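# A look at the structure
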Amino acid sequence: MTIVTGTVTFDQQPLEYGQISFIPNDPGDHHVPDGEFIAAIESGRFEIEVLPGTHRVEIVKNEDLDPDDPGNTRQVISERYNANSELTATVEMNSGTDLAFALVSANE
């Protein structure tokens, strides 16, 4: 396992909050819980421990539509960054990898 840090911007601003997932393309002989590694994004920054190798990366940010109904949310970020992610990252062992993901609105 190795530590990866990085930044996430959305329309050129730090992503206030969200979640980032690294899904190994080949988990090999290692057991990966739920098939992915997940970390919080806070003020545009994240830190996560992952297996070395190439990963598909998913980033999500849900917003509440109704404060009185916490389950009523919408995904703010385009599916091309999560459900149909185009993002990848290659992580080397003990490399101190620092990544930057610049996301744009679906209408851009």
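Bear in mind that the values here come from a model prediction, so they are computed numbers and not experimental data. (Residues numbered from 1 in each chain as written. Predicted model: local features only at pLDDT ≥ 70, side-chain atom pairs only at ≥ 80, totals over all residues. Heavy atoms only, no water.)

### A look at the packing of aromatic side chains
Per the counting criterion, the structure on display carries two aromatic pairs. With 6.1 Å between their ring centres and 45° between their planes, F22 and F46 make a pair best called tilted. Taken together, the residues F22 in strand β3 (residues 17-24) and F46 in strand β5 (residues 45-50) connect sequence positions 24 residues apart. With respect to burial, F22 and F46 carry one shared label: buried. One aromatic cluster in this structure is built from F22, F46 and F101. Of note, K61 hangs over the ring of Y17, and the distance from its end group to the ring centre comes to 4.8 Å. (Phe/Tyr/Trp six-rings, centres within 6.5 Å; stacked < 30°, edge-to-face > 60°. Helix = DSSP H or I, 4+ residues; strand = E, 2+ residues; numbered from the N terminus. Buried < 20%, exposed > 50% of the residue type's maximum accessible area, 1.4 Å probe, protein only. Lys NZ or Arg CZ within 6 Å of the ring centre and 35° of its normal.)

### Considerations on the pattern of salt bridges
Proximity of charged atoms lets side chains of opposite charge pair with each other. Considering all chains together, one arrives at four salt bridges under this definition. The shortest N-O distance in the salt bridge between E58 and R56 comes to 2.2 Å. For K61, the salt bridge goes to E63, with nearest N and O atoms at 3.8 Å. On the basis of relative accessibility, which here comes to 26%, the residue E63 falls in the partly exposed class. Residues participating in the shared-partner salt-bridge network are E16, K61, E63 and R74. (Salt bridge = Lys/Arg side-chain N within 4 Å of Asp/Glu carboxyl O.)

### Digging into the nonpolar core
In terms of nonpolar packing, the biggest core is built from 24 residues, with I20, F22, F46, I59, F101 and L103 touching the most fellow members. When residues of this core are traced back to their parent elements, those giving at least two are β1 (2-10), β3, β4 (37-42), β5, β6 (53-60), β9 (87-91) and β10 (97-103). Once residues lying within four places of it in the same chain are set aside, the contact partners of F101 are T7, V8, T9, I20, F46, V57, I59, L87, T88 and A89. (Core = buried A, V, L, I, M, F, W, Y, C linked by side-chain atoms within 4.5 Å. Contact = heavy atoms within 4.5 Å.)

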